[in-house]
Amino acid sequence: MLPRPRTVGWGPFSVNIRVFNSEQEAAAACAGHIAQAVRARPSLVLGLPTGRTPLNVYRELVALHARGGLSLAHARTFNLDEFSGVSPEDGGSFRAYMDRHFFGKVDLAPGNIHFLDGMAPDVDAECARYDAALREAGGLDLLLLGIGANGHVAFNEPGDSLQAPCHRVRLSRETRLANAALFGDDPTRVPLEALTLGMASILQARRVVLLAFGASKAGAVAAMVKGPVTPRCPASFLQLHRDVDVWLDPEAARGLA
Ligand code: PGA
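Because the structure is predicted, anything quoted here is derived from the model rather than measured. (Residues numbered from 1 in each chain as written. Predicted model: local features only at pLDDT ≥ 70, side-chain atom pairs only at ≥ 80, totals over all residues. Heavy atoms only, no water.)

### A word on the pairing of strand β10 (residues 207-212)
- Among the 6 residues that make up β10, 5 are buried, leaving the element largely enclosed by the rest of the structure.
- Taken together, the 5 bridges between β10 and strand β11 (residues 244-248) define a ladder with parallel strand orientation. Opposite leucine 210, over in β11, you have valine 246 as the bridge partner.
- Regarding the hand of the β-α-β motif, the stretch spanning β10, helix α7 (residues 218-226) and β11 is right-handed. (Buried < 20%, exposed > 50% of the residue type's maximum accessible area, 1.4 Å probe, protein only. Helix = DSSP H or I, 4+ residues; strand = E, 2+ residues; numbered from the N terminus. Pairing = 2+ DSSP bridges. Right-handed = clockwise from strand over helix to strand, strands pointing away.)

Now the structure itself:
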């Protein structure tokens, strides 16, 4: 029997930190948490990330579904971001990632899956459409997040200021390097820009679970939890949220000791 995950509050406000024994254990707990929320409210509105971090969560949810333990037939999903100039059919797109790892393996209704269109000719109209669709759905009930090693959440990159609505963003060099695997390990093929949900949709989500694994995330996690609230670390704004869980493996928690 593994030791129970450690729960650590931080500061006068409650970012609820749990340090699991391993990434796998955190992912299984996260999938269980999502499944429970969907069972309690079948039409749950989920905010979903891509990247390496949620892969095991998707794997666990797919396995739960395959065992008959979870139906997503009425759930609604909004992905956080998409590369500009990349079509959904392109293997490097976040849409293709989601089809591969999740959408193609569960019973989500296609009409309940919401995605930014990286090919939209009018970017402002596309961003307004996405924010309106999310508003119409009632906002995010449960938002699953990763964190960039530079402290970004979705593609809200560090800078002098942050944007509230959905918007187009210029990706940092670091973020393009981190996404090279989707483009044949060639960072020069990673698009320069992307569309992302803004900080408003993230901070207005009713519940947030942020996952971070590995030593490369330790600095960003410490800045998010212990540092000042600053656009230099977009994730630090989560300190202002009422209901945030930060679930870590021991390596990502190293900076919190
Ligand atoms: P990763 O990305 O899961 O691939 O580390 C996380 C993020 O950039 O938000």
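### Examining the site of the ligand
- In the neighbourhood of the ligand, the contacting residues comprise Gly51, Arg52, Thr53, Gly146, Ile147, Gly148, His152 and Lys217.
- Interatomic distance of 2.9 Å between a backbone N/O atom of arginine 52 and an oxygen atom of the ligand.
- Lysine 217 has a polar side-chain atom sitting 2.6 Å from an oxygen atom of the ligand.
- Burial of the ligand by the surrounding chains reaches 76%, relative to a free accessible area of 280 Å².
- Residue composition of the shell around the ligand, by class: 1 nonpolar, 5 polar and 2 charged. (Near = heavy atom within 4 Å. Polar contact = N/O pair within 3.5 Å; in protein donor to acceptor, adjacent residues only side chain to side chain. Areas by Shrake-Rupley, 256 points an atom, 1.4 Å probe, with all protein chains shown as cover. Nonpolar A, V, L, I, M, F, W, Y, C, P; charged D, E, K, R; others polar.)

### Quick notes on the side chain of aspartate 81
- Examined against the element boundaries, aspartate 81 turns out to sit in strand β5 (residues 81-83).
- For the buried residue aspartate 81, which engages in no salt bridge, the nearest side chain bearing the opposite charge is lysine 217, 12 Å off.
- At 3.3 Å, the side chain of aspartate 81 and the backbone nitrogen of phenylalanine 155 are in polar contact.
- Those residues within four positions of aspartate 81 in sequence are excluded, and the remaining contacts are Thr50, Phe94, Phe115, Leu116, Ala154, Phe155, Leu195 and Thr196. (Lys, Arg positive; Asp, Glu negative; His and termini not counted. Salt bridge = Lys/Arg side-chain N within 4 Å of Asp/Glu carboxyl O. Contact = heavy atoms within 4.5 Å.)

### Looking at helix α4 (residues 123-136)
- The end-to-end C-alpha distance of α4 is 20 Å, a good match for the 20 Å that 14 residues give at a rise of 1.5 Å each.
- All of the buried residues along α4 are Val123, Glu126, Cys127, Tyr130, Asp131, Ala133 and Leu134. For α4, the angular spread of buried residues about the axis comes to 160°, placing them on one side. Pointing more than 90 degrees away from the buried face of α4 are the exposed residues Asp124, Arg135 and Glu136. (Expected span 1.5 Å × (residues − 1). Arc of directions from axis to C-beta.)

### Section: the environment of asparagine 150
- Along the chain, asparagine 150 turns up in the loop between β7 (142-145) and β8 (167-170).
- Given the relative accessible area of 15%, asparagine 150 is considered buried.
- Look past the residues within four positions of asparagine 150 in its chain and what remains in contact with it is Glu157, Pro158, Ser172, Glu174, Thr175 and Arg232.
- A polar side-chain atom of asparagine 150 sits 3.0 Å from a polar atom in the side chain of glutamate 157.

### Quick notes on α7
- All of the buried residues along α7 are Ala218, Ala220, Val221, Ala222, Met224 and Val225.
- On its buried side, α7 packs onto β2 (15-19), β10 and β11.

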